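# Fold and contact review
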Amino acid sequence: MKMLKIINDLFYMPRSIMGEPSRQTLFYIKKLVNEIKILKFRSGTKAFDWIVPEEWNIKDAYIKDIKGKKILDFKKNLLSVVYHSMPINKWINRKDLLEKIHSDDSLPNAVPYVTSYYRKYWGFCMSANQKKKLKSKKYFIKIDSSFKKGFLEIGEYFKRGSKNKEIFFSTYTCHPSMANDNTASLALQIYLIKYVKEKYKKSRFSYRFIFIPETIGSICYLSKKYKVLKKNMLMGFAISCVGDNKQYSIIQSREGGKLSDKALEAALVNKKNLVRYSYLERGSDERQFNWPGIDIPMTSFFRTKYGEYPEYHTSEDTFGRVVTKKGLMGSFKIMKFSIESIMKNYYPIATVFCEPKMDKRGLYSYLSFTEKKFNYQRKYIDFMIYSDGKNNIDQIAKKIKLNYKISFKIFKLLLNKKLIRV
Amino acid sequence: MKMLKIINDLFYMPRSIMGEPSRQTLFYIKKLVNEIKILKFRSGTKAFDWIVPEEWNIKDAYIKDIKGKKILDFKKNLLSVVYHSMPINKWINRKDLLEKIHSDDSLPNAVPYVTSYYRKYWGFCMSANQKKKLKSKKYFIKIDSSFKKGFLEIGEYFKRGSKNKEIFFSTYTCHPSMANDNTASLALQIYLIKYVKEKYKKSRFSYRFIFIPETIGSICYLSKKYKVLKKNMLMGFAISCVGDNKQYSIIQSREGGKLSDKALEAALVNKKNLVRYSYLERGSDERQFNWPGIDIPMTSFFRTKYGEYPEYHTSEDTFGRVVTKKGLMGSFKIMKFSIESIMKNYYPIATVFCEPKMDKRGLYSYLSFTEKKFNYQRKYIDFMIYSDGKNNIDQIAKKIKLNYKISFKIFKLLLNKKLIRV
Amino acid sequence: MKMLKIINDLFYMPRSIMGEPSRQTLFYIKKLVNEIKILKFRSGTKAFDWIVPEEWNIKDAYIKDIKGKKILDFKKNLLSVVYHSMPINKWINRKDLLEKIHSDDSLPNAVPYVTSYYRKYWGFCMSANQKKKLKSKKYFIKIDSSFKKGFLEIGEYFKRGSKNKEIFFSTYTCHPSMANDNTASLALQIYLIKYVKEKYKKSRFSYRFIFIPETIGSICYLSKKYKVLKKNMLMGFAISCVGDNKQYSIIQSREGGKLSDKALEAALVNKKNLVRYSYLERGSDERQFNWPGIDIPMTSFFRTKYGEYPEYHTSEDTFGRVVTKKGLMGSFKIMKFSIESIMKNYYPIATVFCEPKMDKRGLYSYLSFTEKKFNYQRKYIDFMIYSDGKNNIDQIAKKIKLNYKISFKIFKLLLNKKLIRV
């Protein structure tokens, strides 16, 4: 399965909002999807209320004890430093070091993920258990990092349809070495691009997928493109944490009730492990797209939402422990259906007056016994009673209490039998 | 009580969708309501997607054992054959016979009611207990039935009012020898016609009542009349299974919120044994009237809905066991109120500014003690506070939490006292 | 605290709908609020459906036993007579007297409050325990009351703002010698006038406060003023029973959803002891203001609603037992916020596109740790996401689940930081 390969390839990279590993990540994606364009925003560029900072790069980082033994090694665990730490290279006593070490008591073997993008700072991250073992009086510490003017980079895939109206996806590239947050989403989005390219060669709608660093990336992107998106976007999805198989999660757009909200809800009909979070619980790029004045309604999709699984933002967010094949494929199916639901947003109309004689068409059993068990015969008629030209397939699916997939099958059958038209 | 007499007279008749017993049923109804007209649809006539089939008639049917003893006798129990069985007259071995016998294990003493209108078939129905006793190796079976070109017949009562706008009722005539389903509804509809004739001699609205075979009957009727009904119908009710006293049941019209839905809901305010079924649970002629394109919004009224009582479609659906006087009279009252609610769909307006001085009008007790018990004094005022010309009596009744009947009494009293006008 | 002084001063006065004690009550209020005008309605004046009755005054009332000992003394307990009793002065036997004595078995030590405004009547009130002790065969009874043509009087405070649009308060003056019902409300309304005078010296809106006898008073007032109120009133509150600290109670205006309903709801956000009563449970002057045709939407505010606390309408409705300082101050705060909520009914608009960089403005902590605890940083952003010019502060407060007070503080901070404009 290709998504696993992508996750594997992208896992061990110290991605951040800007810098070489982010550039390599986009380069990797562009190798898989040749049409991707790279948008660049120079350090110092103003984007609404923000200014693009300098690039941060890191060659190495470690802590050695008094005997010269590495007791922390960035190369072994890419979460071992606070991201965007200033360079450091010195002996430090134990007490001062402890103040610079971040750990998480609730997961004593996990290394937490910490960043300090906009304040000068340096620090290390280790597991609570490792931290307990720090007994030396002195340590030698090194962070071989550097800042320089450079570029914030965004990858954008755009496929033009016969209409300007577009379907839009966004996910973020700035997280290092964690599987669910957010390597899995990079893999899913690549997979979705390949799916759309193949499935909708000549499509009515246009498609846009972007790969951005969180927050500063969406703000930069919007500063260039919000007018065109506002004009053309039909549905927008912010996806992240799409790899586990525990729940399905959704945050509707700011006001709710938009096409993307409906499409995703339709795709999730009958999912028992669906959790709807309030817009107040948003936390990623949906914050920028839905901002008042920007008003690009974006629906957020996750399996287990960020912050809601114990391994979140730690070294334990790995494939196997959090991300699974099943989880990824579940997300893929939901996204596929969400796209389909608008591609095929038909409003069927019944072609015959009164119930059709179903037996003539091989769609009915003859004897009049009362049947308690579920049967499709009945659902065919149910579908037709709402085929009044005012309900689309999604809406009918909800009214007759079937999921979209089965409803769409019924739709195709009835269309084929000329019992409905579109 | 007349309804019981009608049920008794009509019970022992092997009615079906077409044939002599149906004809006799309409003839009997016409004797009671002279104005009824009979509409005829010849076998072979096309009605939308359907074709009127041949008439089916049956003279006799039985099973004899090897000794010549009748162990099943159609004349003793009219449900003993599958309705629309082909004629048969032969010896049959036990095993082959068993395949042709329908019974119902959940009600081991009941003979189930089975039909096969549109597929060539023959069969018998007996109780599960009778079936167990079939020990002979061979049986002689006879079904003396016949098919012929003939007519589907519909009885229609129409009373013209000063307006074309009409109130419409429909029930079905095609069920044999069962009390609740549907002899009771025939009786109730006859009773309602008599009531309307007497009560509304010179009425504003027109009234229409039809007696039809289910499905094919409503389809034939609509193929001739749907345009006039669509134009003129104010409220439509499909009634069936109106004879028991266990619950009140309602299925709103396809979209809900129509006048008939509101009228019936108003009539049922405060009924504790009210069950509302989804339109997905429809099962009778409301299916045709509410069909998209036909769009004649029809509300279904039942006591216990078809399929929801254990004796449904069996020989145990009898007067006494299922249908009771109380049940019938309950249905009659609800239908009467439903009609009244539109006849008297007034929007009262309070005539005085601020609360009236009720004592001047003999409507108040003087001492100021706090009263906890329910009192009408209070309800008179409550009625007036919503008499703003925007609420009709039904709506006020709901707001002040009284049933329509008492609200209507208050309405009349206040009108009489000139505290409101219409 | 001044409210307590007012309650104390006004407690021991046999107020009624008309008469000297009511006049003295208004005189006392006018001493505190010099701008108050007294409106007079002569006995015999027609007001809509009502006629202003005669004044009732009482000098003394008592019951003496056969030995001349006073066993009931109006001067000791002002609730001891039925208000508006006719004069009486005679010997009476025990049995006849008992019929004229009102008591309340549910509160055996309390003297109930009884009136008979519109029917000629006389009677005494005593506690159930006192009543049991009446063993003499004969008693001498005296009610030294009198009726005469006079005036119904209303106190009105009006403060003109730069706009005619006004905020309106009403409470009733007709209840004697009970603390929560309604001496506390007189005190609160005086306090609110003083507050408005001081706080809103040059105000946009006008303010009107009236002190009226219940029912006949609001009817008289409306007969003169309903057109101007209907035209100008923005928000109206009927207040009573505002002194206890048990619950907060509200009855929305007849149709609900009016500005006063919203303002009061906003003020009561997060109150756990809030009880909403249906408009059907109204009982005071809101009945007249909300009457159809009058249509001056009035919201009722109480702590524990009349009729809902055991001491209601008895001599046990006292300061200490029912009314408390905390209760009064709670009411004062709610009324203050209700006024403010319209004074400051701003619709903020975010000034920057996308989330602002909060750290630049000292509104953000830098490290990226996931924080579970409540923090205002987050709420600042939450406030801005709904600052789209379509939500006022109240509405935003509800959406982001903060009370009005804190939301207003955030509003002021963000305005100050120029992150929103109005």
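Because the structure is predicted, anything quoted here is derived from the model rather than measured. All chains use their own residue numbering, which begins from 1 and follows the written sequence. Chains and ligands are labelled by the order in which they are written, letters from A for the one and numbers from 1 for the other. pLDDT decides what is reported in this predicted model: residues at 70 or higher carry local features, side-chain atom pairs at 80 or more are listed and counted, and totals for whole chains, interfaces and linings draw on all residues regardless. Only hydrogens and water are set aside; all other atoms, that is, all heavy atoms of the structure, feed into the side-chain values.

### Some words on the overall build of chain A
- Helix numbering and strand numbering both begin at the N terminus, where a helix is a DSSP run of H or I of at least 4 residues and a strand a DSSP run of E of at least 2. Along its length, chain A carries 12 helices and 18 strands.
- Within the span of chain A, comprising 422 residues, buried residues form 61% of the whole.
- A contact between two residues is defined here by any heavy atoms of the two lying within 4.5 Å. Within chain A, contacts between residues separated by at least 24 positions form 80% of all contacts whose residues are at least 6 apart in sequence.
- Reported accessibility uses the Shrake-Rupley method at a 1.4 Å probe radius. Residues are deemed covered only where the shown protein chains occlude them. As displayed, chain A has an accessible area near 17600 Å², and 51% of this comes from carbon and sulfur atoms. For every residue, the accessible area obtained with a 1.4 Å probe (protein chains only) is divided by the maximum for its type, and the residue is called buried under 20%, exposed over 50%, and partly exposed between those limits.

### Observations concerning the sheet that holds strand S5 (residues 70-73) of chain B
Residue and element names in this part refer to chain B.
- When DSSP finds two or more bridges between a pair of strands, those strands are recorded as paired. Taken together, 4 strands build an open sheet; the order of strands is S5-S4-S9-S6 and the sheet is antiparallel. The open sheet is flanked by S5 and strand S6 (88-93), the only strands paired with a single partner. Sheet twist, expressed as the mean angle between neighbouring strand axes with direction ignored, is 20°.
- Sheet topology note: the strand S4 (residues 55-64)/strand S9 (residues 138-148) ladder contains 9 bridges and is antiparallel. When the bridges of S9 are listed, Tyr62 appears paired with Lys142. Only C-alpha atoms enter the line fits that serve as axes; for helices the fit covers just the stretch in contact. Angles between N-to-C directions range over 0 to 180 degrees.

### Quick notes on the environment of Arg254 of chain B
- Relative to the helices and strands, Arg254 of chain B is located in the loop between strand S14 (248-251) and helix H7 (259-267).
- Accessibility expressed as a relative area gives 10% for Arg254 of chain B, which makes it buried.
- Once residues within four sequence positions are removed from consideration, Arg254 of chain B is found in contact with Ile385, Tyr386 and Asp388 of chain A together with Tyr279, Asn290, Trp291, Pro292 and Asp295 of chain B.
- In protein, a polar contact requires one atom able to donate a hydrogen and another able to accept it; more generally it is a pair of N or O atoms within 3.5 Å, and residues adjacent in sequence count only if both atoms are side-chain atoms. Among the polar contacts made by the side chain of Arg254 of chain B, one reaches the main-chain carbonyl oxygen of Asn290 of chain B at a distance of 2.5 Å.
- A distance of 3.1 Å separates the side chain of Arg254 of chain B from the side chain of Asp295 of chain B, its partner in a polar contact.

### With respect to the interface of chain A and chain C
- On the chain C side, the residues contacting the 29 residues of chain A number 27 residues.
- As used here, buried area is the combined drop in accessible area, with a 1.4 Å probe, of two parts when they are placed together. By the criterion of area lost to chain C, the three top residues of chain A are Asp49, Leu280 and Trp291 of chain A, representing 31% of everything that side buries.
- Any Lys or Arg side-chain nitrogen found within 4 Å of a carboxyl oxygen on Asp or Glu counts as a salt bridge. Remark: the boundary between chain A and chain C carries 5 salt bridges.
- Where Arg361 of chain C meets Asp49 of chain A, a salt bridge forms, and the shortest distance between an N and an O atom there is 2.5 Å.
- Where chain A touches chain C, the interface holds 13 residue pairs in polar contact (both at pLDDT 80 or more).
- Listed by contribution, the elements that provide at least two residues to the side of chain A that touches chain C are helix H6 (216-232) and helix H8 (286-289) of chain A.
- Top contributing element to the side of chain A that touches chain C by residue count: H6 of chain A, with 3 residues.
- For the side of chain A that touches chain C, a count of residues per class yields 15 nonpolar, 7 polar and 7 charged. Charged means Asp, Glu, Lys or Arg here, nonpolar means Ala, Val, Leu, Ile, Met, Phe, Trp, Tyr, Cys or Pro, and polar covers whatever is left, Gly included.

### Quick notes on the packing of aromatic side chains
- Here a pair means two rings of Phe, Tyr or Trp (six-membered ring of Trp) with centres within 6.5 Å. Their orientation is stacked below 30 degrees between planes, edge-to-face above 60, and tilted elsewhere. Tallied over the full model, the rule gives 69 aromatic pairs over all chains.
- For the ring pair Tyr200 of chain B and Tyr207 of chain B, a centre distance of 6.0 Å and an interplane angle of 10° mean the geometry is stacked.
- Look at Tyr207 of chain B and you get buried, because its relative accessible area is 0%.
- A ring pair is formed by Phe302 of chain B and Tyr306 of chain B, whose centres lie 4.9 Å apart and whose planes are at 80°; its orientation type is edge-to-face. Here the two residues Phe302 of chain B and Tyr306 of chain B agree in accessibility, since each one is buried.
- Of note, Lys40 of chain A hangs over the ring of Phe151 of chain A, and the distance from its end group to the ring centre comes to 5.4 Å.
- Note on criteria: charge over ring means Lys NZ or Arg CZ within 6 Å of the ring centre, with the direction from the centre no more than 35 degrees off the ring normal. Cation over ring: Arg282 of chain A sits above Tyr279 of chain A, and NZ or CZ is 5.2 Å from the ring centre.

### So, the pattern of salt bridges
- A full pass over the atoms with the stated rule returns 61 salt bridges over all chains.
- One salt bridge connects Lys225 of chain B with Glu156 of chain B, and the closest N-O pair in it is separated by 3.2 Å. Here Lys225 of chain B, found in helix H6 (residues 216-232), pairs with Glu156 of chain B, found in strand S10 (residues 151-159); they are 69 residues apart in sequence, far enough to count as distant. Comparing Lys225 of chain B with Glu156 of chain B shows no difference in burial state: the two are buried.
- A single network of salt bridges, built from pairs that share partners, joins Glu20, Arg23, Lys40, Glu55 and Glu153 of chain A.

### Things to note about the sheet that holds strand S10 (residues 151-159) of chain C
All names here are of chain C.
- Spatially, the 8 strands line up as an open sheet ordered S1-S10-S12-S11-S13-S16-S14-S15, and their pairing is mixed. Each edge of the open sheet carries a strand with a single partner, namely strand S1 (37-42) and strand S15 (274-277). Each strand of the sheet is rotated relative to its neighbour by a mean of 20°, with strand direction disregarded.
- Relative to strand S16 (residues 299-302), strand S13 (residues 233-239) runs parallel, the two being bridged by 3 bridges. Bridge pairing in S16 places Ala238 opposite Ser300.

### Examining the packing of helix H1 (residues 2-11) of chain C against helix H5 (residues 179-199) of chain C
Residues and elements named next belong to chain C.
- The N-to-C vectors of H1 and H5 enclose an angle of 130°; their axes lie 9 Å apart at closest approach. Classified by the angle between their axes, H1 and H5 sit oblique to one another. Note on packing geometry: the crossing formed by H1 with H5 is right-handed. Two secondary-structure elements touch here, H1 through Lys2, Met3, Ile6, Ile7, Leu10 and Phe11 and H5 through Ala179, Thr183, Ala184, Leu186, Ala187, Leu188, Ile190 and Tyr191.
- Taken together, the residues that form the contact of H1 with H5 break down as 12 nonpolar, 1 polar and 1 charged. Orientation labels follow simple angle bins: below 35 degrees gives roughly parallel, above 145 gives roughly antiparallel, 65 to 115 gives roughly perpendicular, and whatever is left gives oblique. Crossing handedness follows the turn of the near helix against the far one: under a right angle anticlockwise gives a left-handed crossing, and clockwise gives a right-handed one.

### A short note on the interface of chain B and chain A
- Across the contact, 28 residues belong to chain B and 27 residues belong to chain A.
- Taking both partners together, chain B and chain A bury about 2700 Å²; carbon and sulfur atoms supply 57% of that area.
- Linking chain B to chain A there are 5 salt bridges.
- The salt bridge involving Arg287 of chain B is made with Glu355 of chain A; its shortest N-O contact spans 2.6 Å.
- Seen at the junction of chain B and chain A, the total is 13 residue pairs in polar contact (both at pLDDT 80 or more).
- When residues of the side of chain B that touches chain A are traced back to their parent elements, those giving at least two are H6 and helix H8 (286-289) of chain B.
- No other element matches H6 of chain B, which puts 3 residues into the side of chain B that touches chain A.
- Tallied by class, the residues present in the side of chain B that touches chain A amount to 15 nonpolar, 6 polar and 7 charged.

### Some points on the relation of the copies chain A and chain C
- Copies overlap after least-squares fitting; the atoms used are the C-alpha atoms of residues with pLDDT of at least 70 in both. With an RMSD of 0.1 Å, the operation that places chain A on chain C is a rotation of 120° combined with a shift of 0.3 Å along the axis. Interpreted geometrically, this transformation is the action of a three-fold axis. No C-alpha of chain A approaches the rotation axis more nearly than that of Gly257 of chain A, which lies at 13 Å.

### A short note on the side chain of Ser249 of chain A
Residue and element names in this part refer to chain A.
- Along the chain, the position of Ser249 falls in strand S14 (residues 248-251).
- For Ser249, a relative accessible area of 0% corresponds to the buried category.
- Side-chain polar atoms of Ser249 contact the side chain of Gln247, separated by 2.8 Å.
- Within the structure, Ser249 has its side chain in polar contact with the backbone oxygen of Arg303 (distance 2.4 Å).
- Those residues within four positions of Ser249 in sequence are excluded, and the remaining contacts are Val275, Tyr277, Ser300, Phe301, Phe302, Arg303, Thr304 and Lys305.

### A short note on the environment of Tyr226 of chain C
- Here Tyr226 of chain C shows up in helix H6 (residues 216-232).
- The spacing of Tyr226 of chain C and Phe289 of chain C is 63 residues in sequence and 8.4 Å in space, taken between C-alpha atoms.
- The residues contacting Tyr226 of chain C, other than those within four sequence positions of it, are Phe353 of chain B together with Phe48, Gly293, Ile294 and Ile296 of chain C.

### Structural notes on helix H10 (residues 376-385) of chain B
Residue and element names in this part refer to chain B.
- Counting buried residues in H10 gives 7 out of 10 residues, a clear majority hidden from the surface.
- Taken as a whole, H10 has its buried residues at Lys379, Tyr380, Ile381, Asp382, Phe383, Met384 and Ile385.
- Those residues of H10 hidden inside the fold are in contact with strand S17 (349-350), helix H11 (393-399), helix H12 (404-416) and strand S18 (420-421).

### Digging into helix H2 (residues 20-32) of chain A
All names here are of chain A.
- End to end, H2 covers 19 Å across 13 residues, agreeing with the expected 18 Å (1.5 Å per residue, within 8%).
- All of the buried residues along H2 are Pro21, Ser22, Thr25, Leu26, Tyr28 and Ile29. For H2, the angular spread of buried residues about the axis comes to 155°, placing them on one side. Residues of H2 that are exposed and point over 90 degrees away from its buried face: Phe27 and Lys31.
- Here the buried face of H2 lies against helix H1 (2-11), strand S1 (37-42), strand S4 (55-64), strand S10 (151-159), helix H5 (179-199) and strand S12 (206-212). The span you would expect from a helix comes to 1.5 Å times its residue count less one. Working note: the arc is built from the helix axis to C-beta atom directions.

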